[in-house]
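Structural overview for review
Each chain, letter by letter, is given below.
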2 protein chains.
Amino acid sequence: MAYELFYWPGLQGRGEFVRLAFEAVGAAYTDVARTPGGEERMAALLDGPDQTTPPFAPPFLRDGDLVIAQVAAILQHVGPALGLVPDDAAGRIWTHQIQLTIADAVAEAHDTHHPIASSLYYEDQTAEAARRTRHFREERIPKFLGWFETVLARNPTGPAHLAGDRLTYADTSLFQLVEGLRYAFPNTMRRGEGAWPRVTALRDRVAAVPGIAAYLRSERRIPFNEYGIFRHYPELDP
Amino acid sequence: MAYELFYWPGLQGRGEFVRLAFEAVGAAYTDVARTPGGEERMAALLDGPDQTTPPFAPPFLRDGDLVIAQVAAILQHVGPALGLVPDDAAGRIWTHQIQLTIADAVAEAHDTHHPIASSLYYEDQTAEAARRTRHFREERIPKFLGWFETVLARNPTGPAHLAGDRLTYADTSLFQLVEGLRYAFPNTMRRGEGAWPRVTALRDRVAAVPGIAAYLRSERRIPFNEYGIFRHYPELDP
């Protein structure tokens, strides 16, 4: 049976990291909440009293009897079947570690526009957002992307991939992180990119993977917008 | 060889989640940065140019040739050897998912006192901290602890443990989350605890595990303080 992905329709959000892994290899999956009746099915799984492994929040994956939430756990689960992990156990642990660090960066990117509460609108926390975002742009983007640059530079098999010598879900996730940061903070990213050439090259390499390239041209790829993790507010990117 | 844990000395922080797993079962480990010369060894691993899997940040674990950062990845790695995971693959995925959600709660607890930047002092972001913390106390603590309560209530083997019918690292981590929240927000937690009786009972059960009880009485348990994740600022807990 095809994998079933459950995530809010209408935004890339955290679900996009899972979509990209499937699309990279052409795996069969259903983006359930974007199908007729799918949102109701998602709500039933989220709130159903019989669900013994209730997701804390979307995205979550259904694979047969398994229901798995948390992007990093989902990718770790599907990675071997998709061929998106190294063959060795140490390489798989490393890939997962990189993904967890990407997840940390994503959470911080979200909090630039929601530094006080997710339950408030951006418009209700603009002063705090401006202050937090300045630190994110000046300190955190360079720290995170600098670390990925170091990881690529030190890969014993060369800088083409983050872990091992072939495409992994960490690569597709770093692509999405860079795309999201470019959308949200174009000026910052343009000024900074000289410091992370290997990251930029990896972004380009992932974009050229046939499955990813076809996906990015398709209607399945929801455009970035101001409902997702990565939001472009010009005042936050001077 | 004993496990080597690397973490900042002088605070519980994220390292404590790893310490508790070791202490629960009496596993041999060295808390390297608290030994003579240990901080230099930690710095060498963090900054060493030959490290092909560089930790993004402490805590990290050394297990033979493996260097693993990210608490959830560390616990997933040591869990089977320590006997702190269910036997079945589905149960292990579930345990990891719960741990990842605990990690999310921990990150949000940190950001209550540092809503703008980790690089600033709390004193430089008190107004924002007050505002963020109010949402954390009123919305996020009930949401997180309510979810753990649901997980315990729905465990098919009974509410004694989060995953399966024996102690896992998710249990020891939830103990630490509750302890930390009680330290940081004693009034909030006292007022709220009627809503999560199974969580409280699990906290008590973990505290009574012989290895944990001995650890909590020992000098190895660093007291909570205002350098760690969970900080008590009375103005944030009216």
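Residues numbered from 1 in each chain as written. Chains lettered and ligands numbered in written order. Predicted model: local features only at pLDDT ≥ 70, side-chain atom pairs only at ≥ 80, totals over all residues. Heavy atoms only, no water.

1. A look at the packing of aromatic side chains
All names here are of chain A. The condition is simple: Pairing of aromatic side chains here covers Phe, Tyr and the six-membered ring of Trp, requires ring centres within 6.5 Å, and sorts the geometry by plane angle: under 30 degrees stacked, over 60 edge-to-face, intermediate tilted. Think of it this way: any DSSP run of H or I at least four residues long counts as a helix, any run of E at least two long counts as a strand, and we number them from the N terminus. Buried residues are those whose accessible area, probed at 1.4 Å on protein chains only, stays under 20% of the maximum for their type, while exposed residues exceed 50% and partly exposed ones sit between those limits.
What the rule picks out here adds up to 22 aromatic pairs over all chains. Centroid distance Phe6 to Phe60: 4.8 Å. Interplanar angle 10°. Geometry classified as stacked. Here Phe6, found in strand S1 (residues 3–6), pairs with Phe60, found in strand S3 (residues 60–63); they are 54 residues apart in sequence, far enough to count as distant. The burial state of Phe6 is the same as that of Phe60; both residues are buried. Measuring from centroid to centroid gives 6.3 Å for Phe224 and Phe230, while their planes differ by 85°, and the two rings are edge-to-face.

2. Some words on the relation of the copies chain B and chain A
Applicable threshold: C-alpha atoms of residues with pLDDT of at least 70 in both copies form the basis for the least-squares superposition of the copies. Note on contacts: a residue pair qualifies if any of its non-hydrogen atoms lie within 4.5 Å across the two residues.
With an RMSD of 0.0 Å, chain B superimposes on chain A once it is rotated by 180° and translated 0.0 Å along the axis. Classification of the inter-copy transformation places it as that of a two-fold axis. Ranked by how close their C-alpha atoms come to the rotation axis, the residues of chain B are headed by Pro115 of chain B, at 3.0 Å. Of the residues that chain B buries at the interface, 100% are likewise interface residues in chain A, meaning the two copies contact each other through the same surface.

3. A word on the sheet that holds strand S4 (residues 66–69) of chain A
Residues and elements named next belong to chain A. Put simply, the rule reads: Between any two strands, pairing holds if DSSP finds at least two bridges. All axes here are fitted lines through C-alpha atoms, helices being fitted over the stretch that makes contact, and every angle between N-to-C directions spans 0 to 180 degrees.
Sheet architecture is open: four strands sit in the order S2-S1-S3-S4, paired in mixed fashion. Bordering the open sheet on either side are strand S2 (29–31) and S4, each of which pairs with just one other strand. If you compare each strand with its neighbour and ignore which way they point, the axes differ by 20° on average.

4. Some thoughts on helix H8 (residues 197–207) of chain B
Residues and elements named next belong to chain B. Condition: Working definition: the arc comes from the directions between the helix axis and the C-beta atoms, pointing outward to the latter.
All of the buried residues in H8 are Val199, Thr200, Leu202, Arg203, Val206 and Ala207. Buried residues of H8 fall within an arc of 160° about the axis and therefore sit on the same side. As for H8, its buried residues are in contact with helix H5 (126–154), helix H6 (169–184) and helix H9 (210–217).

5. Some words on the interface of chain B and chain A
We count it as follows: Simply put, the buried area is the total loss of 1.4 Å probe accessible area from both parts when two parts are fitted together. Here, a salt bridge means any Lys or Arg side-chain nitrogen found within 4 Å of an Asp or Glu carboxyl oxygen. Throughout this description, a polar contact denotes any pair of N or O atoms lying within 3.5 Å of each other; where both atoms belong to protein, one of them has to be capable of donating a hydrogen while the other can accept it, and for residues adjacent in sequence the pair is counted only when both atoms sit in side chains. Three categories are distinguished: nonpolar for Ala, Val, Leu, Ile, Met, Phe, Trp, Tyr, Cys and Pro, charged for Asp, Glu, Lys and Arg, and polar for the others, with Gly belonging to the last.
Of the residues lining the interface, 48 residues belong to chain B; the matching set on chain A comes to 48 residues. Taking both partners together, chain B and chain A bury about 3900 Å²; carbon and sulfur atoms supply 58% of that area. Considering only the side of chain B, the residues that lose the most area to chain A are Phe56, Arg131 and Arg154 of chain B, jointly responsible for 20% of the buried surface there. Across the contact surface, chain B and chain A share four salt bridges. With its nearest N and O atoms 2.8 Å apart, the salt bridge here joins Glu128 of chain A to Arg131 of chain B. Counting across the chain B and chain A interface gives 27 residue pairs in polar contact (both at pLDDT 80 or more). Counting only elements with at least two residues in the side of chain B that touches chain A, the list comes to strand S4 (66–69), helix H3 (71–82), helix H4 (89–113) and H5 of chain B. Top contributing element to the side of chain B that touches chain A by residue count: H5 of chain B, with 12 residues. The residue inventory of the side of chain B that touches chain A, partitioned by class, reads 22 nonpolar, 15 polar and 11 charged.

6. What about the UniProt feature "domain: GST C-terminal" (unreviewed entry) in chain A?
Defined as follows: UniProt positions are given in the numbering used here, feature names are shortened, and annotations may be inferred rather than shown by experiment.
Per the UniProt annotation, the sites labelled "domain: GST C-terminal" (unreviewed entry) are residues 95–224 of chain A. A distance of 26 Å separates the end C-alpha atoms of residues 95–224 of chain A, which is 69% helix and 0% strand.

7. Quick notes on the sheet that holds S4 of chain B
Residues and elements named next belong to chain B. Reading across the sheet, the four strands line up as S2-S1-S3-S4 and stay open at both edges, with mixed pairing between neighbours. On the outer flanks of this sheet lie strand S2 (29–31) and S4, each paired with one strand and no other. Pairs of neighbouring strands in the sheet enclose a mean axial angle of 20°, with direction left out of account. By the bridge criterion, three bridges tie strand S1 (residues 3–6) to S2 in an arrangement that is parallel.

8. Comments concerning the pattern of salt bridges
Under the defined criterion, the tally for this structure stands at 30 salt bridges over all chains. Glu193 of chain A is the partner of Arg182 of chain A in a salt bridge, and the nearest nitrogen-oxygen pair spans 3.7 Å. On the criterion of sequence distance, the pair formed by Arg182 of chain A in helix H6 (residues 169–184) and Glu193 of chain A in the loop between helix H7 (186–192) and helix H8 (197–207) is long-range, its members being 11 residues apart. Among the residues examined, Glu193 of chain A registers a relative accessible area of 34% and is labelled partly exposed. The partner of Glu23 of chain B in a salt bridge is Arg220 of chain B, with the nearest N and O atoms 2.9 Å apart.

9. Topic: the pairing of S1 of chain A
The side chains of a regular strand alternate, first on one face of the sheet and then on the other. Residue and element names in this part refer to chain A. The side-chain alternation of S1 yields two buried faces, one formed by Tyr3 and Leu5 and the other by Glu4 and Phe6. In this sheet, S3 lies alongside S1 in antiparallel orientation, the contact comprising three bridges. If you follow Leu5 over to S3, its bridge partner there is Leu61.

10. Examining the packing of helix H4 (residues 89–113) of chain A against H3 of chain B
Convention followed: Each angle gets one of four labels, with under 35 degrees taken as roughly parallel, over 145 as roughly antiparallel, 65 to 115 as roughly perpendicular, and the rest as oblique. For any pair of crossing helices, the crossing counts as left-handed if the nearer helix is rotated counterclockwise from the farther one by less than a right angle, and right-handed if it is rotated clockwise.
The contact between H4 of chain A and H3 of chain B brings their axes to 9 Å, and the two run at 155°. Taken as axis vectors, H4 of chain A and H3 of chain B run roughly antiparallel relative to one another. With respect to the hand of their crossing, H4 of chain A and H3 of chain B are arranged in right-handed fashion. Along its contact with H4 of chain A, which presents Ile93, His96, Gln97 and Leu100 of chain A, the element H3 of chain B presents Ala72, Ala73, Gln76 and His77 of chain B. Here the contact of H4 of chain A with H3 of chain B is built from residues that sort into four nonpolar, four polar and no charged.

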